[in-house]
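# Architecture and fold: a report
Chain by chain, the residues:
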Amino acid sequence: MTKDQKDRDWDRSKFVSYGQGTTSPELELTVLMVLVSRRWRALLDEHLRPIDQSTARMEALAAIYASPPLSPQVEIAKRLRIEGPTLTRMLDALEKDSLVERLPDSNDRRTKLLRLTKRGEETLEEIFMICDGLRMKLVEGYSEAEIRAHSAFLRDLMGRVDRGLQA
């Protein structure tokens, strides 16, 4: 590879311009997505801490709640886009706190079916009340049409990432 080719490759990667304090719209978008997500989770965690909850616990409880009744543990992990062992550790803690039940599948001894307990549903409702207020402040001033358009864009990006950026 010649020096000119290497220079063009570096320019295309935006590395040089980023180091000089400039950016491309694509780079700015992806950096901002990461930063907004990280800060949003931290803000939610701050507000959930007083009730001994977290965004990770909220996500697991919400995924179980919004899934068909008695969904397999592996399906909940897929829905959350996490590995099985990660969910298993979370379920251990949620089960210890009597928020989730793991039931055997009569068709497959290796499979565990999940459901929220009454206490789990009450906890998730309390979490939602806290998060709903924060969410409304976050999107205040945006029209429903703007929110729907941005959501469609992010859903499309999520699909591309889920497919490994394949067409």
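As the structure is a computational prediction, the values presented were derived from the model and not from experiment. (Residues numbered from 1 in each chain as written. Predicted model: local features only at pLDDT ≥ 70, side-chain atom pairs only at ≥ 80, totals over all residues. Heavy atoms only, no water.)

## Observations regarding the pairing of strand β3 (residues 108-116)
Note that strand β1 (residues 71-72) and β3 share two bridges and pair antiparallel. Across the sheet, residue P72 finds its bridge partner in β3, namely L113. Pairing of strand β2 (residues 100-105) with β3 involves six bridges; the strand directions are antiparallel. Each residue of the ladder has a partner; that of P104, found in β3, is K112. Between β2 and the antiparallel strand that follows it, β3, lie two residues. (Pairing = 2+ DSSP bridges. Helix = DSSP H or I, 4+ residues; strand = E, 2+ residues; numbered from the N terminus.)

## Some details on the confidence of the model for the protein chain
Low-pLDDT portions of the prediction should not be read for the details of their coordinates. Counting all residues, the mean pLDDT for the protein chain is 90, and 91% of those residues have values of 70 or more. Within the protein chain, helix α1 (residues 3-13) has the poorest average pLDDT of any element, 62, and helix α7 (residues 118-139) the best, 97. (pLDDT = per-residue confidence, 0-100.)

## Comments concerning the nonpolar core
Counting residues in hydrophobic clusters, the biggest one holds 21 residues, and the most contacted among them are L61, I64, L91, L94 and V100. Sort the elements by how many residues they give to this core and helix α4 (residues 55-65) lands first, with five residues. For V100, the residues in contact, after removing those within four places along its chain, are L61, I64, L91, L94, E95, L114, R115, L116 and T117. (Core = buried A, V, L, I, M, F, W, Y, C linked by side-chain atoms within 4.5 Å. Buried < 20%, exposed > 50% of the residue type's maximum accessible area, 1.4 Å probe, protein only. Contact = heavy atoms within 4.5 Å.)

## Notes on the sheet that holds β3
Taken in spatial order, the three strands line up as β1-β3-β2 in an open sheet, and their pairing is antiparallel. This sheet does not close on itself; its edge strands, each paired only once, are β1 and β2.

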